[in-house]
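Listed below, chain by chain, are the residues.
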Amino acid sequence: MQIFAAMLVAGGVLLSIDREAVATGAAPASAAYVTNQLGNSLSVVDLAAAKQVAEIPIGGKPAGIALSPDGGRAYVAAPESREVIAVDTAARTVVQRAPVGQGPLGIAVNPRSGAVYVADWYEHRLYALDPVSLQVVASVTTGQSPSGVAVTADGMTILTADRDSNQVSIIDAATFKVTGTIPTGERPFGVTIDEKAGRAYTANVASNSMTVLDLKARTRVADAPVGLRPYAVARAGDRLFVTNQHGESVSVLDAATFETVKTVRVGSFPEGIEADPAGSGVWVACWDSNTLERIDTQTLTVSARIAVGEGPRAFGRFLR
Amino acid sequence: MFGLVRALIALSVLLPFTAAEAHGPSRQKVVDTIEINAPADKVWAVVSNYKDFTWHPDIASSEATDGMEPEKTTRKLTFKKGGVVTDKLMAYDPDRKYISFMTAEVDLKMLPVSGYSSYFTVSPAGASTKLEWKGAFYRGYVNNNPPPELSDKAAVDAVTVFQRTGLEALKAKIENGS
């Protein structure tokens, strides 16, 4: 049965290569780690089987999520208990928890060094944590209420979406100093780096828009309208996918023109979103529907709807 | 120390309005439904009338701007207790019998919440009608370390009562034909 499922997945990837040059050649993600804020837990979802296989108690109203470079650890930020929690993804158990700041929310991992970065919503700071001890090793002041955090693939640059300053801060990972800021739309929440285009995108909750940033020039390139109170952005193929919390929808935009191609109806309060590395699907956590949903990037329709815990947010990179 | 805490609580009472955008870290949810012995169209006619929210027993008067345009039409709700809450129409879909609105400025003495969005869905249930009122909101205290009266729990408790009171009054109003 396992083999059969694996073959089906492999077949699906091959098929999408045939149909359109969207597939990346990368292996598809096998699992999702979804923070359930109201349920105080972390759902482990087997993506091939399309079902939740574990729900790990976490506590502290978990929201932010990131994975170590080898996928062996999931890091969860819990703003209520003011902790970062490390989960062993193989054993599906909590292996470490440590107090971090006053309102840890956004979290990301340096893909090269493994350092864990945590944004503090109330202290307006970004912390660097040792990935094993979870102790703070460096800290820097950002704009007001930093929320989303993203790191470039070379591990050299960190971005924070400073929600209440309407800007992105650019932080040098080596010196851990802010080297610049770029203005965005109103109340940017999620920030996503697009390595292929050398860009970053913010989802701006109050202006119902997405801002496009050029990372090399450090400029604001464009602002595109999306749906109601957008949360985060993902790129798959030549399209961008933006979750609209109050729109029960995901806006699909052309990554070159930023025109809306389609608005896909999904569950209620779609929030965390990440593209499968294989390019064939985009996964969305729906806070109100308690689901993790897959949008097929070919058909632009929902192709799977998986029950998870209560109040899923999955704010960050949650696919392994 | 207790003096300081008390002073901070006093300060929060002196500043009863929440900023329209800042909020706490966890969104809360309250979903309530009621069955009304009337056709869905009749229920929808009352629920969809954004201009008039006085069917809720806590509300003394409601004044809306013109139109029924999501993200544009706004409303000022004066509570019987004297405070004011403003909100904005967010969605209006007669085909689905679905309407939603979201608070902008909130007098925390009226409701200890911020960014409170309400979603009403009217659906036929046999000869009667099911009305769902879903609320998604943050606590009233936008900063860290909320005083008890502005905590997540206080927000959930208040919204639970607010929605239940409203649904029961709406049922009574419609079924009594007033």
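Refer to the structure presented above.
Below you will find a few notes about this structure. (Residues numbered from 1 in each chain as written. Chains lettered and ligands numbered in written order. Predicted model: local features only at pLDDT ≥ 70, side-chain atom pairs only at ≥ 80, totals over all residues. Heavy atoms only, no water.)

Right, let's talk about the pattern of salt bridges for a bit. Going through the model one piece at a time under the given rule, you end up with 25 salt bridges over all chains. The closest approach of N and O atoms between A:Glu248 and B:Arg96, which form a salt bridge, is 3.2 Å. With A:Glu248 in the loop between strand 21 (239–244) and strand 22 (249–254) and B:Arg96 in the loop between strand 4 (84–93) and strand 5 (98–106), this residue pair bridges two chains. When salt bridges with common partners are traced through the structure, they connect A:Asp194, A:Lys196, A:Arg235 and A:Asp238 into a single cluster. (Salt bridge = Lys/Arg side-chain N within 4 Å of Asp/Glu carboxyl O. Helix = DSSP H or I, 4+ residues; strand = E, 2+ residues; numbered from the N terminus.)

Further remarks concern the sheet that holds strand 24 (residues 270–275) of chain A. Residue and element names in this part refer to chain A. Taken in spatial order, the four strands of this open sheet run 24-25-26-27, and their pairing is antiparallel. Strands with a single pairing partner mark the edges of an open sheet, and in this sheet they are strand 24 and strand 27 (301–307). Put simply, the sheet's adjacent strands are angled 25° from each other on average, direction ignored. Note that strand 25 (residues 281–286) and strand 26 (residues 291–296) share six bridges and pair antiparallel. For Cys 286, the partnering residue across the bridge sits in strand 26 and is Thr 291. (Pairing = 2+ DSSP bridges. Axes fitted to C-alpha atoms, helices over the stretch in contact; angles between N-to-C directions.)

All names here are of chain B. Along the chain, Ala 40 falls in helix 2 (residues 40–47). Between the C-alpha atoms of Ala 40 and Ser 100, which are 60 residues apart in sequence, the distance is 17 Å. Sequence-distant contacts of Ala 40, that is, excluding residues within four places in its chain, are made with Lys 97, Val 122, Pro 124 and Thr 129. (Contact = heavy atoms within 4.5 Å.)

In this section: unusual backbone geometry. Residue and element names in this part refer to chain A. In this structure, Arg 82 takes a positive phi of about 60° despite not being glycine. Looking at the secondary structure, you find Arg 82 in the loop between strand 5 (73–78) and strand 6 (83–88). Positive phi values are uncommon outside glycine, yet Arg 187 reaches one of about 60°. Looking at the secondary structure, you find Arg 187 in the loop between strand 15 (177–183) and strand 16 (188–194).

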